[in-house]
Amino acid sequence: MSIVNAAKFLMRQRPNTVRLFRGEEPNRTGIRLSRTGLYSPSLKNRFFFDNPADARWYAQRAGTLTGNVKSVDVPEKYVNIGKKMAKRREGPSYGSEVILPKKFIPEVELNYIQTVAARLQATLDYLKGKRYG
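Residues numbered from 1 in each chain as written. Predicted model: local features only at pLDDT ≥ 70, side-chain atom pairs only at ≥ 80, totals over all residues. Heavy atoms only, no water.

## Some remarks on the nonpolar core
Next up, step 1: L20, F48, V72, V74, V79, V98, L100 and F104 form the largest nonpolar core, which has 8 residues in total.
Next up, step 2: Excluding anything up to four places from it in sequence, F104 contacts V72, V74, P75 and Y78.
Next up, step 3: Residues A55, A59, V69 and A118 belong to the second largest nonpolar core, which totals 5 residues. (Core = buried A, V, L, I, M, F, W, Y, C linked by side-chain atoms within 4.5 Å. Buried < 20%, exposed > 50% of the residue type's maximum accessible area, 1.4 Å probe, protein only. Contact = heavy atoms within 4.5 Å.)

Here you go:
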């Protein structure tokens with residue numbers, strides 16, 4: 001298998017789907033926004049972005065070097081519904097935010113390319129002396 005075919009295999013999408021991304025900081029400690037009333041507890045782990053740069057930012061914010069970026073392919077119909085849910089909910093709103101339906105949560109998997117990019121950027125920021133918080 002050539003490198004080009006391997007890249008195509010890794011980046012494949014089903015027809016009429018949109019790839020959504022979520023940035024996570026596994027070792028982060030701090031307040032939990034769902035407990036403070038800012039977000040509904042039913043929305044836990046359902047915030048995704050259609051822009052991978054936003055997800056990478058969440059994976060590297062607060063100076064963490066161990067963040068992960070996860071992705072899932074979702075049909076366009078559910079992406080449109082998720083964007084409407086994001087606009088209507090209480091709390092702060094972000095431009096490319098999508099609230100993922102619960103039935104797609106088991107399909108979420110680690111996106112290695114975006115995770116490496118987020119960790120590399122976080123490491124470079126750390127080496128440059130850029131501190132967060």
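## With respect to the packing of aromatic side chains
Ring pairs (aromatic) are described by centroid distance and by the angle formed between their planes.
Next up, step 1: This structure, assessed with the given rule, holds 3 aromatic pairs.
Next up, step 2: Seen in terms of ring centroids, F49 and Y58 are 5.4 Å apart; in terms of plane orientation they differ by 20 degrees. Their pairing is stacked. Per residue, the accessibility class of F49 equals that of Y58, and both read buried.
Next up, step 3: Judged by centre distance (4.9 Å) and plane angle (90 degrees), the rings of W57 and Y58 are edge-to-face.
Next up, step 4: Since its relative accessible area comes to 45%, W57 is described here as partly exposed.
Next up, step 5: Among the aromatic residues, ring-to-ring pairing joins F49, W57 and Y58 into one connected group. (Phe/Tyr/Trp six-rings, centres within 6.5 Å; stacked < 30°, edge-to-face > 60°.)

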